[in-house]
Amino acid sequence: MSDDQTFSDLLPAYAAGALDADELAEFERLLAEGGEERARELAEWNAVSEQLAQDAEPIAISGSLRADFFEALDVETQGTVSLTPKRKESAAETAADIAPANDNRLPLVLVASLFVAALGWGLWTQSQLRNLRAESARQIEGLELALARSESEFVISQQEVERARAANRIVGASGVRTVSLGATSEGQALSARSYVDPETGRAVVFARNLPDVGTDQTYQLWFLRGGAPYSAGVFAAEEGQATVLVDDLKEVEGIQGWAVSIEPQGGSEQPTGLIVLSS
Amino acid sequence: MRAPSQDVELARRTADGDREAFAQVFDEHAPIVLGVLHRILRRRDVAEEVLQDAFLQAWRKIDNFDPQRGTLRSWLVTMARSRALDHLKSSKARGAREERVGKYETPTVEEAVGTKELELSENRLRVRRALDSLPAEQREAIELAYFGGLTHSQLAARLEAPLGTVKSRVKLGMTKLKAALAS
């Protein structure tokens, strides 16, 4: 078997993390020797591995965990802070430097040095305290602003949480019906997928790669029943993506398909603009 | 799949010591990495500890990220998974835990939130369906390897199957999984 074949043969097990130590050593040797083609193959399998990871439920990072991590990173990047003021060391060194051995003026010099050091230390401490007070005041002001912002963001976040939970319930419902929507024009990357929970009559549609529309325009979602389109609501895309929740769908059995069109701001009663996605 | 340009840019800025860029990396990828760690380690507190270690390692070793070999997320997941498996190797609780690996369990952790997480939910469903489409013995071998950290020979011992058979199961299963995920 050639090296290329061996490498390709080991790749699936590498992506699954199943290689024994000797196989892994062989794989890494071949990877180190290999060129762009092996790197490309590896990237393909790393993508599979990455997707496999998504079989695990993602867990929202708590504020305290995030704070702990960045505190640890601070320690990592800045190191520990010395609590010994450098000026004090300098003063002590100066005193030592100017004190000749066996000098009968030594006690006086030492007292004077200590006085100078203490004075310097006192001035330095006062200056540090002033700086600390100013810094604390700035931090409190910043925290108050952040708190005010957080309070308003919290309300928005709560709504997002509710939406996310609702969407998760639909996607994970038993008997959920899935329909893919594709671009109506060739060469466009936009796509969407609808999930309908027939039990509750609720649906969620995930759309991606949606191009920007004009400020006087909006996207509108439609479902088809009995050959006629019914509006399921207007929505905006954020960075080309959108998640649309639809409540209270009647007669789920009769839904024949889905479509998305670009309509004037506020939406239309019937599709009037360009249909960009359809099932 | 090579890394998108955003990954390359964030990695470059992180390598330059840009904490804001690294904060973006953390916020974007930590939830999925923590999910994987929790699935492997089965303990939230330990998973969080390993998550922090893994991201600190990522900060130190960001120069090792090679966009030609995959995305930043795959690099982070691989690194975190490796640390989790190291942790398991040093853990005496492994024997008891292995009994639970390999079976899909309904997660009991908090529900994911936000647009990105919604997208993850959709991806997750797709991955789960792809896994469910595999023959049971192939799926079991892959899950025990990926989330249980068992290598070929350990799988053979655990499943009481010949080594060659186990290797075939992993290879065939992963090849089918790759095709299913690409379709």
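Residues numbered from 1 in each chain as written. Chains lettered and ligands numbered in written order. Predicted model: local features only at pLDDT ≥ 70, side-chain atom pairs only at ≥ 80, totals over all residues.

1. Topic: the overall build of chain B
- Along the backbone of chain B there are nine helices and zero strands.
- Secondary structure of chain B in N-to-C order comes out as α-α-α-α-α-α-α-α-α.
- For chain B, with 183 residues in total, the buried portion stands at 45%.
- For chain B, the proportion of contacts with a sequence separation of at least 24, taken over those separated by at least 6, is 68%. (Helix = DSSP H or I, 4+ residues; strand = E, 2+ residues; numbered from the N terminus. Buried ≥ 20, exposed ≤ 12 C-beta atoms within 10 Å, placed from the backbone. Contact = placed C-beta atoms within 7 Å.)

2. Re the overall build of chain A
- Along its length, chain A carries six helices and eight strands.
- What you see in chain A, going N to C, is helices and strands ordered as α-α-α-α-α-α-β-β-β-β-β-β-β-β.
- Looking at chain A as a whole, 23% of its 279 residues qualify as buried.
- Relative to all contacts within chain A whose residues are 6 or more apart in sequence, the contacts with residues 24 or more apart total 56%.

3. Some words on the interface of chain B and chain A
- Listed by partner, the interface residues are 61 residues for chain B and 46 residues for chain A.
- Elements supplying a minimum of two residues to the side of chain B that touches chain A: α2 (19–41), α3 (44–60), α4 (72–89), α6 (114–132), α7 (136–146), α8 (152–159) and α9 (163–182) of chain B.
- The element contributing the most residues to the side of chain B that touches chain A is α6 of chain B, with 14 residues.
- In terms of residue class, the side of chain B that touches chain A is built from 28 nonpolar, 17 polar and 16 charged. (Nonpolar A, V, L, I, M, F, W, Y, C, P; charged D, E, K, R; others polar.)

4. Details of unusual backbone geometry
- Phi is positive for asparagine 209 of chain A, which is not a glycine, with a value near 60 degrees.
- Position of asparagine 209 of chain A relative to the elements: it lies in the loop between β3 (202–208) and β4 (217–225).
- One non-glycine residue, arginine 42 of chain B, adopts positive backbone phi at about 65 degrees.
- Mapped onto the elements of the fold, arginine 42 of chain B is located in the loop between α2 and α3.

5. Focus on the packing of helix α3 (residues 36–53) of chain A against α4 of chain B
- Close contact between α3 of chain A and α4 of chain B brings their axes to 9 Å; oriented N to C, the two are set at 65 degrees. What the angle tells us is that α3 of chain A and α4 of chain B run roughly perpendicular. When the axes of α3 of chain A and α4 of chain B are compared, the crossing they make is left-handed. Facing α3 of chain A, whose interface residues are Asn46, Ala47, Ser49, Glu50 and Ala53 of chain A, α4 of chain B presents Arg73, Ser74, Val77 and Thr78 of chain B. (Axes fitted to C-alpha atoms, helices over the stretch in contact; angles between N-to-C directions. Parallel < 35°, antiparallel > 145°, perpendicular 65-115°, else oblique. Left-handed = near helix turned anticlockwise from the far one by under 90°.)

6. Concerning the pairing of β3 of chain A
Residue and element names in this part refer to chain A.
- Counted residue by residue, β3 has six buried out of seven residues, so it is predominantly covered.
- As judged from the seven bridges shared by strand β2 (residues 191–197) and β3, these two strands associate in the antiparallel manner. Considered in β3, the bridge of serine 191 is made with arginine 208.
- Note: β3 against strand β6 (residues 242–246), five bridges, orientation antiparallel. Paired with valine 205 across the bridge in β6 is valine 244. (Pairing = 2+ DSSP bridges.)

7. Here we look at the pairing of β4 of chain A
All names here are of chain A.
- Pairing of β4 with strand β7 (residues 255–264) involves nine bridges; the strand directions are antiparallel. Bridge pairing in β7 links leucine 221 to valine 260.
- Where β4 meets strand β5 (residues 228–235), seven bridges bridge the pair, whose relative direction is antiparallel. Across the sheet, arginine 225 pairs through a bridge with alanine 228, a residue of β5.
- Here β4 hands over to β5 after two residues, with glycine 226 in that stretch at a positive phi of 60 degrees.

8. Observations regarding the nonpolar core
- In terms of nonpolar packing, the biggest core is built from 62 residues, with Val33, Leu37, Leu51, Ala80 and Ala145 of chain B touching the most fellow members.
- If you tally residues by element for this core, the top one is α2 of chain B, at 11 residues.
- Here alanine 145 of chain B is in contact with Ala16, Gly17 and Ala18 of chain A together with Leu150, Leu155 and Val170 of chain B, once residues within four sequence places are set aside.
- Judged by nonpolar contacts, the second largest core, of 25 residues, contains Ala192, Tyr195, Phe206 and Phe223 of chain A. (Core = buried A, V, L, I, M, F, W, Y, C linked by C-beta atoms within 7 Å.)

9. Focus: the environment of valine 196 of chain A
- On the secondary structure map, valine 196 of chain A appears in strand β2.
- Along the backbone, valine 196 of chain A and arginine 177 of chain A are 19 residues apart, and their C-alpha atoms lie at a distance of 5.1 Å.

10. What to know about the confidence of the model for chain B
All names here are of chain B.
- Across chain B, pLDDT averages 83, with 82% of residues at or above 70.
- The least confident element of chain B is helix α5 (residues 94–98), whose mean pLDDT is 46; the most confident is α9, at 94.
- Considering only residues more than four positions removed or in separate chains, one finds that residues 96–113, a stretch of pLDDT under 50, has 32 contacts.
- Overall fold confidence (pTM) sits at 0.53, and the ipTM for the predicted complex is 0.80. (pLDDT = per-residue confidence, 0-100.)

11. Regarding the sheet that holds strand β1 (residues 177–183) of chain A
Residues and elements named next belong to chain A.
- Across the sheet, which stays open at both edges, the eight strands sit in the order β5-β4-β7-β8-β1-β2-β3-β6 with antiparallel pairing between neighbours. A strand with exactly one partner marks an edge of an open sheet, and here the two such strands are β5 and β6. For this sheet, the mean angle separating the axes of adjacent strands, direction not counted, is 25 degrees.

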